[in-house]
Every structure is written in C-alpha cells, then in structure tokens.
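# Observations on chain architecture
Residue strings, one per chain:
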Amino acid sequence: MEIIEFLYNELIGFLGLRGTLEILKSGDFSAFLTFDGMKTAIGPILPLLLVLELINGLILKNPHTKVYKITFLIYILNRFIGRFISIGAISFLIATLQPYAPFQTTFTWYWLIYGYIVWEFSHFVYHFLGHKVRLFWCLHSTHHTPENMNLSVSHAHFFLEGPYADVIRGSICIILGIHPALLFFIMFIDGTYGMFIHVGENLMKNGKMGFLNNIILTPSHHRVHHARNPLYMDTNFCNLLNIWDKVFGTYQLEKDEVKIEYGITRPMDSGNLWDAYFGEFIALFKDIWAAPTLKDKILYIFMPPGWHHSGQHKTASVVRNEYLANNKF
C-alpha cells in the first residue's frame, strides 16, 4: 500500500498536478488568479504534452524507445540530488554576491526586460562553456546523447549540470543587479519554455512556428543545437531570446536540405545508461592518461572537445569551418 501511495505521489509530482489538486480540493478557485496559482495551472501543461507526444509516437510507429528509456532512468537517478544542490547554490550566491551588486532591480515590466536580457546572456555563457570546455562538456553531454528529439530529452542531464549552470547564470545575474524575486520569476519562465523547445517531430513536425522563427528561439533552432551535423554543431546556445547568438555569430537556421542527425559525434550506445551518463568522463580520463606531458593533460581538461595534443584537432569549430569551406549556403 505504501509503495502504491509513493508511486502515486511521484506520478502526481511529475505531472505537476499536486498544486492544482490541492486548490480544487480546497474549493478556493480564486487562488488560480495569484502568481503562484498561475504557475500551478501552467505546471501540468508540458508534462501532459510529453505523455501526448509519447502516445502519438506509438501511433505513428516512431516510439523513440531508447530515448524514453534512458531519459526515464536519468530522471529517476537525478530525482533528488541535483535539485537540492541547485537550490543550495543559488541561496549561497544570493547571500554572498547580492551586497556587491552596483544597483538592484525591482519587479517592474522594464526591469523584467532588462533582467531577461541579462539572464539570456548568462545562459549563453553557461551553455557556450558547456560546449567549449571539455570538463563542462562532460557535464553537459548527457543532454545531447539522445538520437531522437522529444520532450523527455529536457530531463536528460548529468546531476551536477544544474548546479554548475545555476552558479554561472546566478552569479552573472546577481552581480548585475537582478533581484532574487525577479530572478526566480525569470527562471520559471525560462525553465518552462526551455522544456517546450525540446518538443519533437512526433508532436510538432515543423518546429519553426511561422513568423516567430525570425523573432525568438523556436524548437527548430533547438533541434539544430542538438544536431551532430557539421553545419549545425555548436550553434544556437540561447533559450528564448536568440539575440546573443546573433551578436556572437553562433546563430544557425535549420536548412531543409540538411536533415538533422541528433546525438554526439563520439561513437556510443545511446541506449546504454552508463555510456550516456559517464561516457564522456571516461573518454576524457583516457585522453588525460595518454597525454605525454603534464601540460597536455591539463589542456585536455580545459580545451574544447576534439582538441588533441598532436595538433590534429577535430573540435566542432574545425569540423564546421571545413564543412562550410566545401559547401556554400
């Protein structure tokens, strides 16, 4: 009986229905008009879309079995650890860095615009480093191992990636004056949209969202980001506002003639939890072990994935530039 109750609570929590059920049970429907109530109402939408996407994939006979299996196992593995570390990290940053901010924002519409631009910049920095620093790539690569795209991919993360991301994003935002209340509001919006952009072809065949593809970052842009095609590698690091990709030259549209191939370039078994979760760490340790000098060993940790002590580099930048030199778009 306790097991059934535990599983029920986990299911309700995953679907984001706990708050809604509590409000419905209380009979005070006016609670939905508050900010917390609106968050509660929005919470179940994406998890339910994930279930719909899974069912639609079964109907279309394109079930993404390996992806759902691995992301489910990763979700269970990360269920508690990463969440509490992230909360602790953000709380520590607020207490430590907020006194040094040159000014403080307030919860107004114009500071929200400022805050979101700053947040998007901080997200760009974290995400860019996650692809350009080998150690950080080891933390981030689990998210890129699925070879299909669907909403469950948003749950595929190494448990330390959340804390690492929040330390970088939180530090930048707090130092630049984003008030904690405004920061948490932005993180809620960004987290919700950040899950949505992982919607796959089984639910949204064309992810360009019409004219919005020219204004914001859409599922199409993020599918490009998850691709291992040379043209698409290490592009579209933003989450909602793609301004920083355009500023730093990492913006890439999806090309109809270049079909997206999801996954990472290292040969791997994407259906193996051990390989998806620890594979890049093992590859890094092997490279460090084989490096001939101490300098090379250290460089393997901080240089981009694909860097080699022999000079025969296969980094994303090298591969993409070679591809662009031989193909005109």
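Bear in mind the structure is a predicted one, so any value in this text is a computation, not a measurement.

### Description of the overall build of the protein
From N to C terminus, the protein includes 15 helices and 0 strands. Counting over 329 residues, the protein shows a buried share of 45%. Here the contacts in the protein between residues at least 6 apart in sequence split such that 70% fall between residues at least 24 apart. Total accessible area computed for the protein in this model is approximately 17100 Å², and 70% of it derives from carbon and sulfur atoms.

### So, unusual backbone geometry
Although it is not a glycine, Met-209 sits at a positive phi angle of roughly 55 degrees. As for its position among the elements, Met-209 is in the loop between helix H10 (180–196) and helix H11 (219–225). The class of Met-209 is partly exposed, set by a relative accessible area of 27%. With a phi close to 55 degrees, Asp-234 is a non-glycine residue in the positive phi region. Positionally, Asp-234 belongs in the loop between H11 and helix H12 (243–248).

### Quick look at the side chain of His-144
Along the chain, His-144 turns up in the loop between helix H8 (134–140) and helix H9 (161–175). In terms of polar contacts, His-144 uses its side chain to reach the side chain of His-131, at 3.3 Å. A polar contact of 3.1 Å, which involves the side chain of His-144, links it to the side chain of His-140. With residues near it in sequence (within four places) discarded, His-144 still touches His-127, His-131, Trp-137, His-225, His-226, Gly-263 and Ile-264.

### Side note on empty space enclosed by the protein
According to the stated counting rule, one finds 1 cavity of 30 Å³ or more in the structure shown. If you add up the space inside the largest cavity, you get close to 40 Å³. The residue inventory of the lining of the largest cavity, partitioned by class, reads 3 nonpolar, 2 polar and 2 charged.

### Things to note about the packing of aromatic side chains
Counting across every chain of the model gives 22 aromatic pairs. Considering the side-chain rings of Phe-103 and Trp-111, the 5.8 Å spacing of their centres and the 25 degrees angle between planes classify their relative orientation as stacked. The class for Trp-111 is partly exposed, based on a relative accessible area of 23%. Ring centres of Phe-124 and Phe-248 lie 5.1 Å apart, and the angle between their planes is 25 degrees; on these two criteria the pair is classed as stacked. One end of the pair, Phe-124, is in helix H7 (residues 109–132); the other, Phe-248, is in helix H12, with 124 residues separating them in the sequence. Every member of this aromatic cluster is reached through a ring pair, and the members are Phe-121, Phe-124, Phe-128, Phe-237, Trp-244 and Phe-248. The positively charged end of Arg-169 is found above the aromatic ring belonging to Tyr-126, 5.0 Å away from the centroid. The ring of Tyr-251 has Lys-246 sitting right over it, with the charged end atom 4.9 Å from the ring centre.

### Things to note about the packing of H7 against H9
Two quantities define a packed helix pair, namely the angle between the helix axes and the distance between the axes. At a minimum axis distance of 9 Å, the contact between H7 and H9 shows a crossing angle of 140 degrees. In this view, H7 runs oblique relative to H9, as classed from their interaxial angle. Once H7 is placed against H9, the crossing between them reads as right-handed. On the side of H7, the interface is formed by Val-118, Trp-119, Phe-121, Ser-122, His-123, Val-125, Tyr-126, Leu-129 and Gly-130, while H9 contributes Glu-161, Tyr-164, Ala-165, Ile-168, Arg-169, Ile-172 and Cys-173. The class makeup of the residues in the contact of H7 with H9 is 11 nonpolar, 3 polar and 2 charged.

### Here's the deal with the layout of surface pockets
A volume near 550 Å³ is recorded for the second largest pocket. In terms of lining, the second largest pocket is formed by 29 residues, of which the most central are Trp-137, Met-233, Thr-265, Pro-305 and Gly-306. Elements that contribute at least two residues to the lining of the second largest pocket include exactly H7, H8, helix H13 (273–290) and helix H15 (316–326). A breakdown of the residues in the lining of the second largest pocket according to their chemical character gives 12 nonpolar, 9 polar and 8 charged.

### What to know about the packing of helix H5 (residues 65–78) against H13
Direction vectors running N to C along H5 and H13 enclose 65 degrees, while the axes themselves pass 9 Å from each other. Together, Ile-70, Leu-73, Ile-74, Leu-77 and Asn-78 of H5 and Leu-273, Ala-276 and Tyr-277 of H13 make up the contact between the two elements.

### Some points on helix H4 (residues 45–59)
The terminal C-alpha atoms of H4, which comprises 15 residues, lie 21 Å apart, in line with the 21 Å expected from a rise of 1.5 Å per residue. Among the residues of H4, Leu-46, Pro-47, Leu-50, Glu-53 and Gly-57 are the ones counted as buried. Within H4, the buried residues cover an arc of 110 degrees as seen down the axis, which keeps them to one side. Residues of H4 that are exposed and angled more than 90 degrees away from the buried face: Leu-58 and Ile-59. Of the residues one or two after H4, Lys-61 is the one with positive phi, at around 60 degrees.

### Points about the environment of His-225
Locating His-225 in the fold gives a position in helix H11. Residues His-225 and His-144, 81 residues apart in the sequence, show an inter-C-alpha distance of 9.1 Å. The residues touching His-225, leaving out its near neighbours within four places in the chain, are His-127, His-131, His-140, His-144, Thr-235, Asn-236 and Phe-237. From its side chain, His-225 meets the backbone oxygen of Asn-236 in a polar contact 3.4 Å long.

### What about a nonpolar patch on the surface?
Taken together, the side chains of Trp-109, Tyr-110, Ile-113, Ile-117 and Ile-243 make up a nonpolar region of the molecular surface, amounting to roughly 520 Å² of accessible area. Position of Ile-243 relative to the elements: it lies in helix H12.

Calculation criteria
- Residues numbered from 1 in each chain as written.
- Predicted model: local features only at pLDDT ≥ 70, side-chain atom pairs only at ≥ 80, totals over all residues.
- Heavy atoms only, no water.
- Helix = DSSP H or I, 4+ residues; strand = E, 2+ residues; numbered from the N terminus.
- Buried < 20%, exposed > 50% of the residue type's maximum accessible area, 1.4 Å probe, protein only.
- Contact = heavy atoms within 4.5 Å.
- Areas by Shrake-Rupley, 256 points an atom, 1.4 Å probe, with all protein chains shown as cover.
- Polar contact = N/O pair within 3.5 Å; in protein donor to acceptor, adjacent residues only side chain to side chain.
- 1 Å grid on protein atoms, 1.4 Å probe; cavity = no way out; pocket = protein on both sides within 12 Å on 5 of 7 lines; lining within 4 Å.
- Points joined across faces, edges and corners; volume = space filled by probe spheres on them.
- Nonpolar A, V, L, I, M, F, W, Y, C, P; charged D, E, K, R; others polar.
- Phe/Tyr/Trp six-rings, centres within 6.5 Å; stacked < 30°, edge-to-face > 60°.
- Lys NZ or Arg CZ within 6 Å of the ring centre and 35° of its normal.
- Axes fitted to C-alpha atoms, helices over the stretch in contact; angles between N-to-C directions.
- Parallel < 35°, antiparallel > 145°, perpendicular 65-115°, else oblique.
- Left-handed = near helix turned anticlockwise from the far one by under 90°.
- Expected span 1.5 Å × (residues − 1).
- Arc of directions from axis to C-beta.
- Patch = residues over 30% accessible without salt bridge, like charges linked within 9 Å, V, L, I, M, F, W, Y side chains within 5 Å.
- Salt bridge = Lys/Arg side-chain N within 4 Å of Asp/Glu carboxyl O.

Purely geometric numbers; function is a separate question.
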